[in-house]
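As a plain string of letters, each chain reads:
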Amino acid sequence: MAVNVIKTDKAPGAVGPYSQGIKAGNILFASGQIALNPETGKLVGGGVAAEAEQCMKNVGALLEAAGMSYDNVVKTTVYLTNMDFFGTVNTVYGKYFASTLPARSCVAVAALPKGALVEVEVTAYAE
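Residues numbered from 1 in each chain as written. Predicted model: local features only at pLDDT ≥ 70, side-chain atom pairs only at ≥ 80, totals over all residues. Heavy atoms only, no water.

Engineer: What's the story with the nonpolar core in this structure? I'm lost.
Structural biologist: As a rule of thumb, nonpolar side chains are buried together in soluble globular proteins. Grouped together as the largest cluster of nonpolar side chains are 31 residues, with contacts concentrated most on L28, M56, L63, V89, V118 and V120. Ignoring any residue separated from it by four or fewer positions in sequence, one finds V89 in contact with V48, A52, V78, L80 and V118. (Core = buried A, V, L, I, M, F, W, Y, C linked by side-chain atoms within 4.5 Å. Buried < 20%, exposed > 50% of the residue type's maximum accessible area, 1.4 Å probe, protein only. Contact = heavy atoms within 4.5 Å.)

Engineer: Can you walk me through the environment of D9 in this structure?
Structural biologist: Checked against the element boundaries, D9 lands in the loop between β1 (3-6) and β2 (21-24). When its relative accessible area of 71% is taken as the criterion, D9 is described as exposed. Expressed as a C-alpha distance, the spacing of D9 and A61, which sit 52 residues apart in the sequence, is 8.6 Å. (Helix = DSSP H or I, 4+ residues; strand = E, 2+ residues; numbered from the N terminus.)

Engineer: Looking at this model, I keep getting lost on the sheet that holds strand β5 (residues 103-108). Mind explaining?
Structural biologist: Either a parallel or an antiparallel arrangement is found when strands of a sheet pair, and the pairing is made through backbone hydrogen bonds. With mixed pairing, six strands are arranged side by side in an open sheet as β1-β2-β3-β6-β4-β5. At either margin of the open sheet sits one strand with a lone partner, and together these are β1 and β5. For this sheet, the mean inter-axis angle between neighbouring strands, taken without regard to orientation, is 15 degrees. The pairing of strand β4 (residues 73-80) with strand β6 (residues 118-125) spans seven bridges and is classified as antiparallel. Paired with Y79 across the strands is E119, a residue of β6. Sheet contacts for helix α1 (residues 48-65): β1, β3 (27-33), β4 and β6; angle to β6, the most-contacted strand, approximately 25 degrees. Its contacts with the sheet put helix α2 (residues 86-94) on β4, β5 and β6, and the angle it makes with β4 is roughly 150 degrees. (Pairing = 2+ DSSP bridges. Axes fitted to C-alpha atoms, helices over the stretch in contact; angles between N-to-C directions.)

Engineer: I'm lost on the pairing of β6 in this one. Help?
Structural biologist: Both faces of the sheet carry side chains from a regular strand, because those side chains alternate between them. Relative to β6, β3 runs antiparallel, the two sharing five bridges. When the bridges of β6 are listed, Q33 appears paired with V120.

Engineer: Hey, could you run me through the pairing of β2 in this one?
Structural biologist: Of the pairings in the sheet, the one linking β1 to β2 comprises four bridges and is antiparallel in character. In the strand pairing of β2, I6 is matched with G21. Looking at chain direction, β2 and β3 are connected through four bridges and run antiparallel. For A24, the partnering residue across the bridge sits in β3 and is I27. Two successive antiparallel strands, β2 and β3, enclose a turn made up of two residues, where G25 displays a positive phi of approximately 65 degrees.

Engineer: Looking at this model, I keep getting lost on the packing of aromatic side chains. Mind explaining?
Structural biologist: Both the distance between ring centres and the angle between the ring planes are used here to describe each pair of aromatic rings. Using the criterion set out here, one finds three aromatic pairs in the structure. Note on Y70 and F97: the rings are 5.7 Å apart at their centroids and 90 degrees apart in plane angle, and the pair reads as edge-to-face. You can see Y70 sitting in the loop between α1 and β4 and its partner F97 sitting in the loop between α2 and β5, a full 27 residues away along the chain. Just as Y70 is buried, F97 falls in that class too. With centroids separated by 4.7 Å and ring planes inclined at 45 degrees, the aromatic side chains of Y93 and F97 adopt a geometry described as tilted. (Phe/Tyr/Trp six-rings, centres within 6.5 Å; stacked < 30°, edge-to-face > 60°.)

Function cannot be read off these values alone, since they describe shape.
Structure below.
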């Protein structure tokens, strides 16, 4: 099985010793994406909806770099610093998964890197 590092300038670079994504055979394991603007490396402003939107755009860039799309996503994990954000994030998230709805977990956490409010991690599969 081939294992390849997935890297793109269209998503923010890793903020630690890890890869943006790893494609093992037909499976992409994407590192969690917070709402960093890939051009500036800074967290986007505008609250949780704007952060969720940027997270999903960053996920999309990693999927594209791996030759995949949102339709290939089979599992997501969403991390929130406050469960009160669930409805807002769910609305943004839903715009990206129209035809194939992946399995999902949503977890409340004490804090996220860089003071982010939301983080999205995906696993995708393509034949």
